[in-house]
Amino acid sequence: MLSSIAWRTPPKKYGPWEQVASNICEGLVERGLDVTLFATVDSLTKGKLQSAGTFPYEEDRTVDPKVAECLHISNLMEQAHHFDIIHNHFDFLPLTYAALIKTPMLTTIHGFSSPQILPVYKKYNATTGYVSISDADRSKELDYLATVYHGIDPLVFDFQEIKEDYLVFFGRIHPEKGTHVAIEIAKRAGHRLIIAGLIQDQGYYEEKVKPFIDDDSVSYWGNLGPDEGRRLLAGAKALLHPINFEEPFGLSVIETMMCGTPVIAFDRGSMRELIKEGVTGYLVNDVEEAIDKVGHLKDLNAIDCRLHAVEKFSLDSMVENYITVYKGVLK
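To keep things clear, this report deals only with the structure shown in the data block. (Residues numbered from 1 in each chain as written. Predicted model: local features only at pLDDT ≥ 70, side-chain atom pairs only at ≥ 80, totals over all residues. Heavy atoms only, no water.)

A separate point is the nonpolar core. Judged by nonpolar contacts, the single largest core of 80 residues is most densely connected at Ile185 and Leu193. Take this core: its biggest share by element is seven residues, from helix α11 (residues 315-330). Those residues in contact with leucine 193, other than ones at most four positions away along the chain, are Leu167, Val168, Phe169, Ala182, Ile183, Ala186, Ser217, Val218, Ser219 and Leu240. Listed in part, the 27 residues of the second largest apolar core include Tyr57, Met77, Leu142 and Leu198. (Core = buried A, V, L, I, M, F, W, Y, C linked by side-chain atoms within 4.5 Å. Buried < 20%, exposed > 50% of the residue type's maximum accessible area, 1.4 Å probe, protein only. Helix = DSSP H or I, 4+ residues; strand = E, 2+ residues; numbered from the N terminus. Contact = heavy atoms within 4.5 Å.)

And the structure:
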């Protein structure tokens, strides 16, 4: 299992790719599979941990990301003959080793950062296997073995039926995530908003978000750890998710529903695959529609949100789906 080294696997706070890699790894180990996780030196796993001695480069600025990535990926590839299959969560760079090793490689494509990376995926399309994380995120220029939705452990997410009087924005503080739009929706709907997440664009935060933080109608709670984040999601009336891009998946969306909390999201990217319209939340096209749907949150049931998340996005389902893909690759 080749994880990213931007953050620890599993991440202490932010780190969706690392979290997914960890979930799969630990789920496979629980089923008795022999799994080696290639990740940062401080990563945690019940399987075997291999590291090139690197700490997360997003936490330690003395680490050169490109140098660390080269050492990390080559550490696995030089041992490729020891494994039956390599599951790549490190984007396109490991594909450049595919023709140099005999071990089959499966790559989960966690989204396309730019159309410019497509040529690499296209070059290895016929000789490696690709898995998409949503049907919406598929490229017409590539072939896929399957779509496997991310899965999370229902036992880790406490269900809360009675909600508190606030809305929440939970995710990267970045223009494409629409933090400033969430503020507008909440303020115009007359509800308190709590913001939590990694500040990924400092200029955007200073200009579009910080001026509205008064610790009354709008609060910023920082980049929360898993336990704090789950409690915040569980207590909210709804998650506001006014994305400004075609989001490949959205871990916070399924985490929110697993807590029994509905989601109001802009209808872009994978949102139609995650949210059950009128049952676990609402898909909207603009701010006005979002404000209107805040007034209809009382029509939704917390139990329905939880049941939908358990049925469609459980850790067990994800792991079983990946095992099926592995078997297909190894035939």
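Before going further, it helps to spend a moment on unusual backbone geometry. Omega for the peptide link from threonine 9 to proline 10 comes to -10 degrees, which places this bond in the cis form. Structurally, the position occupied by proline 10 is in the segment before α1 (16-30). In the Ramachandran plot, aspartate 215 falls in the positive-phi region, its phi being about 55 degrees despite a non-glycine side chain. Structurally, aspartate 215 is set in the loop between α5 (202-209) and β9 (218-220). A relative accessible area of 60% means that aspartate 215 is categorised as exposed.

Here the focus is the sheet that holds strand β3 (residues 86-88). Taken together, four strands build an open sheet; the order of strands is β3-β4-β5-β6 and the sheet is parallel. Of all strands in the sheet, those bounded by a partner on one side alone are β3 and β6 (146-147). Bridge count for β3 against strand β4 (residues 105-109) is three bridges, and the pairing is parallel. Counterpart to asparagine 88 in the pairing with β4 is threonine 107. Against the sheet, α11 contacts β3, β4, β5 (129-132) and β6, and its axis sits at roughly 140 degrees relative to β4. (Pairing = 2+ DSSP bridges. Axes fitted to C-alpha atoms, helices over the stretch in contact; angles between N-to-C directions.)

These results come straight from atomic positions and should not be treated as a statement about function.
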